Structures are given as structure tokens and as C-alpha cells.
Amino acid sequence: RFKEMKTTFRKLVLAMRRATGIIHQQPDIAQQYYDQYVDKDSIDDETQHAVMEATMKATLPAFPNDNSMSNEYYVRLTDWLIETHQVDGDAAS
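Please read these numbers as outputs of a predicted model, since none were measured by experiment.

Undergrad: So what exactly am I meant to see when it comes to helix α1 (residues 2–25) here?
TA: Quick reminder: α-helices carry 3.6 residues per turn. Residues three or four places apart thus point the same way. Between its terminal C-alpha atoms α1 stretches 32 Å, which fits the 34 Å expected from 24 residues at 1.5 Å a residue. Taking the largest bend as the criterion, α1 deviates by roughly 35°, centred on Thr8. By the burial criterion, the buried members of α1 are Met5, Thr8, Ala15 and Ile23.

Undergrad: So what exactly am I meant to see when it comes to the packing of aromatic side chains here?
TA: Aromatic rings in a pair are described by how distant their centres are and how their planes are angled relative to each other. Taken as a whole and judged by the stated rule, the model has 2 aromatic pairs. When the centroid spacing of 5.8 Å and the interplanar angle of 25° are considered together, the rings of Phe2 and Phe9 count as stacked. Taking 5.8 Å as the distance between ring centres and 65° as the angle between the ring planes, the aromatic pair formed by Tyr33 and Trp80 counts as edge-to-face. One end of the pair, Tyr33, is in helix α2 (residues 27–37); the other, Trp80, is in helix α4 (residues 71–83), and 47 residues separate them in sequence.

Undergrad: Would you explain unusual backbone geometry in this entry?
TA: Glycine aside, the phi torsion of most residues is negative, and most peptide linkages are trans. Residues other than glycine seldom take positive phi values, yet Asp39 does so here, at roughly 55°. The partly exposed category is assigned to Asp39, whose relative accessible area is 44%.

Quick notes on the rules
- Sequence order as written defines residue numbering, which begins from 1 separately in each chain.
- Per-residue local features of the predicted model are confined to residues with pLDDT of at least 70, and side-chain atom pairs are confined, for both listing and counting, to 80 or more; whole-chain, interface and lining totals are unaffected and use all residues.
- Computation of side-chain values: all heavy atoms of the structure, hydrogens and water removed.
- Secondary structure follows DSSP: runs of H or I at least 4 residues long count as helices, runs of E at least 2 residues long count as strands, and numbering of each begins at the N terminus.
- By definition here, a helix of n residues has an expected span of 1.5 Å times n minus one.
- Fitting one axis to the seven residues ending at a residue and another to the seven starting there, the bend at that residue is the angle between the two axes.
- Categorising residues by exposure relies on relative accessible area from a 1.4 Å probe, with only protein chains included: less than 20% of the type maximum marks a residue as buried, more than 50% marks it as exposed, and the intermediate range marks it as partly exposed.
- To pair, rings of Phe, Tyr and Trp, with the six-membered ring standing in for Trp, must have centres within 6.5 Å; the planes then decide the type, stacked if under 30 degrees apart, edge-to-face if over 60, and tilted in the middle.

Laid out in C-alpha cells, this is it:
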């Protein structure tokens, strides 16, 4: 089965490397993607905004190094990679 999926896994690993590079080299862009994902502009609570910003600032540099992410995280990551055309949807399924 691995041989069948080898090309797909390679694409996923390369996409994750690119994402990690963006997080480390252009954290402002990574922050913008996150803000769009959580629809930050629709949140009216200033305290919640401050907590979200402080959390991202504190955790963003370490985020790509955390390999203990839940299965849900990887499902959402795969969906996002497909949505942004970084991974072929048919190959990822």
C-alpha cells in the first residue's frame, strides 16, 4: 500500500515543508491565513481578540515542530491543501 501512496505522501510532505517555511519565514502571512480560517473579523469580543493574538504570537514559531497533533488537525490540513490546490484531491483521498 505504501508504494501505491508514495507519490501522494511525497506531495503531502513537500506541502507541509512549504507551510513550515511560511510559518517560520513569513509569520504574518501564516497569521493572516489563520485569521481568515477562524473568521476573526466576525468576533466582536476585544478580550478574545487579544487572547487569540497572544496565543498565536507565543505558539506560532513552535507549531510546525509539534508532531502530536490530533487526527482532526491532519484531516483539516489535508482539506486545506486540497482547497488551495497544493495537493491533488483525488490523490489525497
